[in-house]
Amino acid sequence: MIKYRVLWALAILLFALVVNGAAQTAPPQGEAEKYFTEGLAALEGGDGAQAAAQFSKALELKPDWVEAYVNRGQAYVVQGQLDKAVPDFTKALELDPESFEALYNRGRVFTKLGKPEKAVADYTAALKLKDDDWQVYYNRGNAYLDDEKYKEALQDYDRALKLKPQTPEIINNRGLARLGLGQAGPALEDFGQALTLDPKFARAQYNRGRALEQLGRLPEARGAYRTFLQEANPTADKPLLERALERLKELKEKEG
């Protein structure tokens, strides 16, 4: 009997050591949350590198944390590291296929990467989870626009405007979809409405010039392009500035 008692006592001792060892190596919940909170603060402050580092520390302690993957993906987006962002959003979706945030943000990255079909697929899946988000309709419309699917884009912009009326950006892009469909008159109305809501919305002025060209109103088109050149942001609107100069040059040659 003494022999069995010693063995039992030894078993209890070994069990205690395993439990204590697990307690020492288990990820401290509070520390993971601390890193996560610090990551959010850095992300809100625009410091993508610091945010990614903090979320990585949180994930070392909690490797199945969906929100940490989503936010680290966002931190990579802030840094322009889109190739790193996609795997994080994808990992979040492996852990939670119904993560609206992961679908929406991966869709945005696919748009930036010039993959509109993949972006549309993600936005469509996100809308099945939440069908009243105007930003998803707007961004899916943009993806359709990039893919030259103007009819689908127009439908999404209309849906977005029902949820977020009088929004210059949506109205401007609806005008672009209409231009793609050859509807220059309604497109011109959209660009005009966008400028009424925001007179400093220079891109709408450029697009107004495009619509006027399609309508054959060339002197007015030249005026729209000149106004755009005066009001555009030299950095943000640089590609359009070059195009506006080209359009003015071609119009001048046409009128010879």
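Since this is a predicted model, take the numbers as computed values, not measurements.

A separate point is the overall build of the protein. Check the secondary structure of the protein and you find 14 helices and zero strands. The N-to-C order of helical and strand elements in the protein reads α-α-α-α-α-α-α-α-α-α-α-α-α-α. The buried share of the protein, reckoned over its 256 residues, is 43%. In the protein, of all internal contacts separated by at least 6 residues, the share reaching a separation of at least 24 is 45%. Carbon and sulfur atoms provide 52% of the accessible area of the protein, an area that totals close to 14,500 Å².

Taken as a whole, this structure holds eight aromatic pairs when the rule is applied. Summarising the aromatic geometry, the rings of Phe36 and Trp65 are spaced 4.5 Å apart at their centres and angled 20 degrees between planes, so their arrangement reads as stacked. Linking Phe36 in helix 2 (residues 29–44) with Trp65 in the loop between helix 3 (48–61) and helix 4 (66–79), this pair joins segments that are 29 residues apart in sequence. Side by side, Phe36 and Trp65 carry an identical accessibility label, which is buried. Centre to centre, the rings of Phe100 and Tyr104 are 6.2 Å apart; their planes meet at 0 degrees, and the pair counts as stacked. Taken together, the residues Phe100 and Tyr104, both in helix 6 (residues 100–112) and four residues apart, mark about one turn of the helix.

With that out of the way, let us pick up the side chain of Asn207. Checked against the element boundaries, Asn207 lands in helix 12 (residues 202–214). When its relative accessible area of 6% is taken as the criterion, Asn207 is described as buried. Leave out the neighbours within four places in its chain, and Asn207 touches Asn172, Leu176, Leu179 and Phe191.

Along the chain, Arg222 turns up in helix 13 (residues 218–231). For Arg222, the residues in contact, after removing those within four places along its chain, are Leu248, Leu251 and Glu255.

It is at 8 Å that the axes of helix 3 and helix 4 come closest, and there the two elements cross at 155 degrees. Taken together, the axes of helix 3 and helix 4 lie roughly antiparallel to each other. Crossing of helix 3 over helix 4 shows left-handed handedness. Of helix 4, the residues touching helix 3 (which contributes Gly48, Ala49, Ala51, Ala52, Phe55, Ser56 and Leu59) are Ala68, Tyr69, Asn71, Arg72, Ala75, Tyr76, Val78 and Gln79.

Moving on: the packing of helix 9 (residues 150–163) against helix 10 (residues 168–180). Across the interface, helix 9 lies against helix 10 with an axial gap of 9 Å and an inter-helix angle of 155 degrees. Viewed along their axes, helix 9 and helix 10 adopt a mutual orientation that is roughly antiparallel. Read as a crossing pair, helix 9 and helix 10 show a hand that is left-handed. On helix 10, the residues touching Tyr150, Ala153, Leu154, Tyr157, Asp158, Ala160 and Leu161 of helix 9 are Ile170, Ile171, Asn173, Arg174, Ala177, Arg178 and Gly180.

Cut-offs applied
- Residues numbered from 1 in each chain as written.
- Predicted model: local features only at pLDDT ≥ 70, side-chain atom pairs only at ≥ 80, totals over all residues.
- Heavy atoms only, no water.
- Helix = DSSP H or I, 4+ residues; strand = E, 2+ residues; numbered from the N terminus.
- Buried < 20%, exposed > 50% of the residue type's maximum accessible area, 1.4 Å probe, protein only.
- Contact = heavy atoms within 4.5 Å.
- Areas by Shrake-Rupley, 256 points an atom, 1.4 Å probe, with all protein chains shown as cover.
- Phe/Tyr/Trp six-rings, centres within 6.5 Å; stacked < 30°, edge-to-face > 60°.
- Axes fitted to C-alpha atoms, helices over the stretch in contact; angles between N-to-C directions.
- Parallel < 35°, antiparallel > 145°, perpendicular 65-115°, else oblique.
- Left-handed = near helix turned anticlockwise from the far one by under 90°.

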